[in-house]
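The primary structure of each chain is shown beneath.
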Amino acid sequence: MSEMSRRDAMTLAAAATAACACCALGADEKPAEGEKDAPAALPKQFPIGKLADYPNEGFYDTHRKSRVFISRLEDRLVVMSAICTHKNCVLRKSEEKVLRCPCHKSFFSEQGTPTEGQAKVALPRYAVKQDANGTITVDTTKSYGEREWDQPEAFISTKPA
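Presented here is a report on the structure given in the accompanying data block.

Cut-off values and rules
- Residues numbered from 1 in each chain as written.
- Predicted model: local features only at pLDDT ≥ 70, side-chain atom pairs only at ≥ 80, totals over all residues.
- Heavy atoms only, no water.
- Helix = DSSP H or I, 4+ residues; strand = E, 2+ residues; numbered from the N terminus.
- Contact = heavy atoms within 4.5 Å.
- Pairing = 2+ DSSP bridges.
- Axes fitted to C-alpha atoms, helices over the stretch in contact; angles between N-to-C directions.
- Buried < 20%, exposed > 50% of the residue type's maximum accessible area, 1.4 Å probe, protein only.
- Lys, Arg positive; Asp, Glu negative; His and termini not counted.
- Salt bridge = Lys/Arg side-chain N within 4 Å of Asp/Glu carboxyl O.
- Polar contact = N/O pair within 3.5 Å; in protein donor to acceptor, adjacent residues only side chain to side chain.
- Phe/Tyr/Trp six-rings, centres within 6.5 Å; stacked < 30°, edge-to-face > 60°.

Quick notes on the side chain of Glu-110
Phase 1: Of note, Glu-110 is situated in the loop between strand E7 (107-109) and strand E8 (114-116).
Phase 2: Residue contacts for Glu-110: discarding those within four places in its chain leaves Glu-57, Gly-58, Phe-59, Ser-71, Arg-72, Leu-73, Met-80 and Lys-97.

As structure tokens, then:
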């Protein structure tokens, strides 16, 4: 067996260090329960419940498996993408009113606008409608960029009628 040169030893040590660093960076990013079974593509339309299911302001991650977050704002309920606009990683609820990208550490406000990190584009919102029974349905085939957030299909009003 031949001896390893100093250069080979240093290269091997650098590679091992890099591998350990990569593992350490992702160590706290275990998939959420059921996430590995999440669909690769968004479902086109699906119900998310009723307004009463979202009584408080902030994010709800009850439909994260469908790659969406529900956000109750001051006078609106909106449904936005759970995919980071920087590199398409699945976002996580960090605090009640903050989403975090585990890949590159971007943060998004409850509105869906980037507040910190590498993401520069707001999260798109999806069309929502409420039927006569009060059930809210999301339609992921229709999305709205930040300039379109006031479109009537981009939110459900939470103001009393």
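Some thoughts on the sheet that holds E7
Phase 1: Taken in spatial order, the four strands line up as E5-E6-E7-E8 in an open sheet, and their pairing is antiparallel. Both edges of this open sheet fall to strand E5 (92-95) and E8, since each of them pairs with a single strand only. For this sheet the average axis-to-axis angle between neighbouring strands, irrespective of direction, equals 40°.
Phase 2: Strand direction decides the pairing type here: E5 and strand E6 (residues 98-100), joined by three bridges, are antiparallel. Counted as the bridge partner of Glu-95 is Val-98 from E6.

Digging into the side chain of Arg-72
Phase 1: Secondary-structure assignment places Arg-72 in strand E3 (residues 68-72).
Phase 2: At 6.7 Å, Glu-57 is the nearest oppositely charged side chain to Arg-72, a buried residue that forms no salt bridge.
Phase 3: A distance of 2.6 Å separates a polar side-chain atom of Arg-72 from the backbone oxygen of Tyr-54.
Phase 4: Apart from residues lying up to four places away in sequence, Arg-72 is in contact with Leu-51, Tyr-54, Pro-55, Asn-56, Glu-57, Gly-58, Tyr-60, Leu-77, Glu-110 and Thr-158.

Describing the packing of aromatic side chains
Each aromatic ring pair is described using two quantities: the centre-to-centre distance and the angle formed by the ring planes.
Phase 1: What the rule picks out here adds up to two aromatic pairs.
Phase 2: Judged by centre distance (5.0 Å) and plane angle (85°), the ring pair of Tyr-54 and Tyr-60 falls under edge-to-face. In terms of burial, Tyr-54 and Tyr-60 fall into one category: buried.
Phase 3: Taking 5.9 Å as the distance between ring centres and 65° as the angle between the ring planes, the aromatic pair formed by Phe-59 and Phe-69 counts as edge-to-face.

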